[in-house]
Every structure is written in C-alpha cells, then in structure tokens.
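Survey of secondary and tertiary structure
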Amino acid sequence: MCHLQLRTLLFVAWVLGYVAFLLSARRMWTGKYVRSPLVRSLFVNMVSESEAAATETQEWYRCSPDLLGESVQPLFIQSHLDSGTKAFLKRSVEKSSWMFTQLYHSLVSTVLSPMVSRTSINGFLGRGSMFVFSEEQFQQLLQIGTEWRAERLLDLGAGDGGVTEVMGAHFREVYATEVSLPMKWHLQRRNYKVLDIDEWQQTGFQYDVISCLNLLDRCDDPLHLLRDIKRSLVPNTGRLILAAVLPFQPYVEIGGQWQRPTEHLKIKGKTWEEQVTNLSNEVFRRVGFEVEAVTRLPYLCEGDMYNDYYVLDDAVFVLKASDSSEESAQ
C-alpha cells in the first residue's frame, strides 16, 4: 500500500514539474520580442497590414522567374497573402493562447509519442490542422470561377479534411484517403467518402481532380504513386494538384519513427526555383505529366504553446497527363 502511494506521489510530482516547465518555456517563447511581428499585426488588425508584416510575408511568395527553366517561366502564377490565409493565421494565434488546452496537448503528446504516430496524436487531439491554399488561390491555380463544378475529387492523404473542404465545394462527390485512424474519423464526420490506400485506384471510375498535397516526400514509392494517379484521372480533362515542400527531404513515418523511403527521389538544385524546374522537367515528365501552372505558397500548420504556427515552403503544381512519358519512349 505504501509503495503504491509513493508511486502516486512521484507521478503527481512529475506532472506538476512538467507543467511548471512548460509554463516557464511558454513565457520565454511568447515574449514581446520573440513573437512574429506578422502574427501580432494580423491578430490586432486583420484588414491593414503593417510594414513589418508585409516584409515577412513577401518571402513566403517570393520567386525569381528568371531563375526558372524556360519551359516553366510562363507557367508561374504569383500568389499573395489573402483573406483566407489571414483567417487561418488568426485562428492559429487564438488556439495557441489557450494555455490549459496546450498544456493538455503537450502532456498527451509526450505520453503517446513513443507508441503512436504524430499524425494520429494530432487527429486524436483535434490539433495541427494544415493550410495549403485558400479558395481564391485554388480557383486561380485551376483557372476556374466560383460556380465551376465537376464530378469527382480525390484528396490523397487528406489529414483532417481542412484543405479538402476548400476544394470540395466544386465537386459533387468527394473522396479521400488517410492512413491515420483518428484522421479518418474526422473525414467521415465531414461526410467524405474515405477509401483505403489500396482501394482508390480500383473503384472502376476515374477522378476529375486528384490532389496530392505534401505527400510525395512522405511516400515510400513516389513514382509508383504518380503513375497510379495518372491512370486514375479522367482522360484529357483530369488534373493533378500536387504540393511539394522544398527543399525536398523525403522521409516516411513508420511506428512513430522517421526512415528513408524505399524509392528515394533526388531533386537537383539548391534554390526553390532550381528544384521546381528539376521536378517539372525530370520527375513529372518521366511518369507522363506536364506542368500547366505552378506557384509558391506557405505550407502552414497550427502551432502549439511555443509557436503560433509553423511554416514551410511549398511549390504547388497543376499537372495534366501528357501524350507519352520518357519511360514509355525508351
């Protein structure tokens, strides 16, 4: 009995010490000199951007078209910080300030991380939503209007469905795939038709648009995935929307651990523009895709008690099937 009480006291002491540490860390990370001037300005006034905010966001969308390959230059679309992106940032700032919620999230993540993938933990906690593009940016990429409608959308690796919702308004049927069981629950609650990762290629029908957003660098066999996507698109009119984090650093998550994929794509180039050109002219062409449009966007993720949000550089492509691939020509 005494042994059990001692263990209980030790556990309570550990929890209290852990909470105290997180609170002190939060105070350190959220000082007025640490918080991003962009986030502060957006949170205080979502209509007018300060000079500091404009300077910071400029890097999110910056591209030097003259550094792109000749075949890619005319396809680049310049994006900018818009109202949809601002709204996501505002929500992220608000959630980051929920102290007790963030403490709970941190404690649960610490306990579960040795056994459960980060994606599943986020799905269980209802946190870590992603943002790739707004409705306005999606329409600009596909060169469609607000009233445009098509039959079927398939979102591969859809997560909690936040980005799927941006696209889904334009389609009569929305399908999604996801490995994480908690994320599947989120997708089902949104009334999306969740398919198994080995099922979507064998449904007997094809898709008007397939989205593959920030999945290529987390896929064990990326070229095989691209070939399956090409076969699953409606001929001629079908389009693939593909987002890739650059610089390209492929890893796959297996049992909560990160490992190198079986098929390692080597993307040449040091700059964003060089890697975009290499992806366009080498990787996509190899499997029978050609670029129709490309833009640079921030890949945003909801933050935690340390940061209001996290951001990576994305290249977002609209791809269409070409008549032939380099593989079939050999």
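Fair warning: this is a prediction, and the values are worked out from it, not measured in the lab.

Another aspect to go through is the side chain of R239. Residue position: R239 is located in strand β6 (residues 239-245). Within the local environment of R239, its side chain forms a polar contact with the backbone oxygen of N236, the two atoms lying 2.9 Å apart. Setting aside anything within four residues of it in sequence, one finds R239 in contact with L142, D208, V209, I210, L233, E292, V318, L319 and K320.

For helix α7 (residues 135-142), the set of buried residues is Q137, F138, Q139, L141 and L142. Q143 lies just past α7 and shows a positive phi near 55°.

Before going further, it helps to spend a moment on the environment of E199. Relative to the helices and strands, E199 resides in the loop between β4 (193-195) and β5 (209-213). Given the relative accessible area of 37%, E199 is considered partly exposed. Separated by 22 residues in sequence, E199 and T177 place their C-alpha atoms 9.0 Å apart.

All right, on to unusual backbone geometry then. Cis geometry is adopted by the peptide bond preceding P247, which originates at L246 and carries an omega value of 5°. If you trace the backbone, P247 turns up in the loop between β6 and β7 (252-254). In this structure, N214 is a non-glycine residue whose phi angle is positive, near 55°. Counting through the fold element by element, N214 comes out in the loop between β5 and α10 (222-232). Backbone geometry at N236 places phi at a positive 75°, although glycine is not the residue there.

Glancing now at the layout of surface pockets. Size it by volume and the second largest pocket reaches roughly 320 Å³. Residue lining of the second largest pocket: 19 residues in total, with F88, R91, F131, G162 and V166 positioned closest to the centre. Counting only elements with at least two residues in the lining of the second largest pocket, the list comes to α4 (83-96), β1 (130-131), α7 and α8 (162-168). The leading source of residues in the lining of the second largest pocket is α4, at 5 residues. The residue makeup of the lining of the second largest pocket, split by class, is 8 nonpolar, 4 polar and 7 charged.

According to the stated counting rule, one finds 10 aromatic pairs in the structure shown. A centroid spacing of 6.0 Å and a plane angle of 85° characterise the contact between W60 and Y309, whose relative ring orientation is edge-to-face. Of the two residues, W60 sits in helix α3 (residues 51-61) while Y309 sits in strand β10 (residues 309-321), which places them 249 residues apart along the sequence. In this structure Y309 comes out as buried when scored by relative accessible area, which is 11%. Connected via pairs of aromatic rings, a cluster forms that spans W60, Y61 and Y309. Geometry around F205 places R152 over its ring, the cationic atom sitting 4.2 Å from the centre.

Glancing now at the nonpolar core. Of all hydrophobic cores here, the largest spans 38 residues; its most connected members are L226, I229, L240, L242, V276, F284 and F317. Among the elements that take part in this core, helix α11 (residues 272-286) stands out by supplying 5 residues, more than any other. If we ignore the near neighbours within four places in the chain, the residues touching F284 are L226, L242, L279, F289, V291, F317 and L319. Counting residues in hydrophobic clusters, the runner-up holds 36 residues, among them Y61, V132, V163 and V245.

Taken in spatial order, the 8 strands line up as β1-β9-β10-β6-β5-β2-β3-β4 in an open sheet, and their pairing is mixed. The strands lining the two open edges of the sheet, one partner per strand, are β1 and β4. Where strand β2 (residues 150-156) and strand β3 (residues 171-177) come together, 5 bridges link them in parallel fashion. Bridge assignment links L153 to a residue of β3, and that residue is V174. Here α10 sits on the sheet in contact with β2, β5, β6, β9 (289-302) and β10, set at roughly 160° to β5.

With 12 of 14 residues buried, β9 lies mostly within the body of the structure. Pairing analysis gives 2 bridges linking β1 to β9, with the strands arranged antiparallel. Along β9, the bridge assignment pairs M130 with C301.

Parts of the model with low pLDDT should not have their predicted coordinates read in detail. For the protein chain, the average pLDDT comes to 80, and 69% of its residues sit at 70 or higher. Low confidence marks residues 25-50, where pLDDT is under 50. Its contacts with residues over four positions away, or in another chain, come to 45 contacts.

What counts as what
- Residues numbered from 1 in each chain as written.
- Predicted model: local features only at pLDDT ≥ 70, side-chain atom pairs only at ≥ 80, totals over all residues.
- Heavy atoms only, no water.
- Helix = DSSP H or I, 4+ residues; strand = E, 2+ residues; numbered from the N terminus.
- Polar contact = N/O pair within 3.5 Å; in protein donor to acceptor, adjacent residues only side chain to side chain.
- Contact = heavy atoms within 4.5 Å.
- Buried < 20%, exposed > 50% of the residue type's maximum accessible area, 1.4 Å probe, protein only.
- 1 Å grid on protein atoms, 1.4 Å probe; cavity = no way out; pocket = protein on both sides within 12 Å on 5 of 7 lines; lining within 4 Å.
- Points joined across faces, edges and corners; volume = space filled by probe spheres on them.
- Nonpolar A, V, L, I, M, F, W, Y, C, P; charged D, E, K, R; others polar.
- Phe/Tyr/Trp six-rings, centres within 6.5 Å; stacked < 30°, edge-to-face > 60°.
- Lys NZ or Arg CZ within 6 Å of the ring centre and 35° of its normal.
- Core = buried A, V, L, I, M, F, W, Y, C linked by side-chain atoms within 4.5 Å.
- Pairing = 2+ DSSP bridges.
- Axes fitted to C-alpha atoms, helices over the stretch in contact; angles between N-to-C directions.
- pLDDT = per-residue confidence, 0-100.

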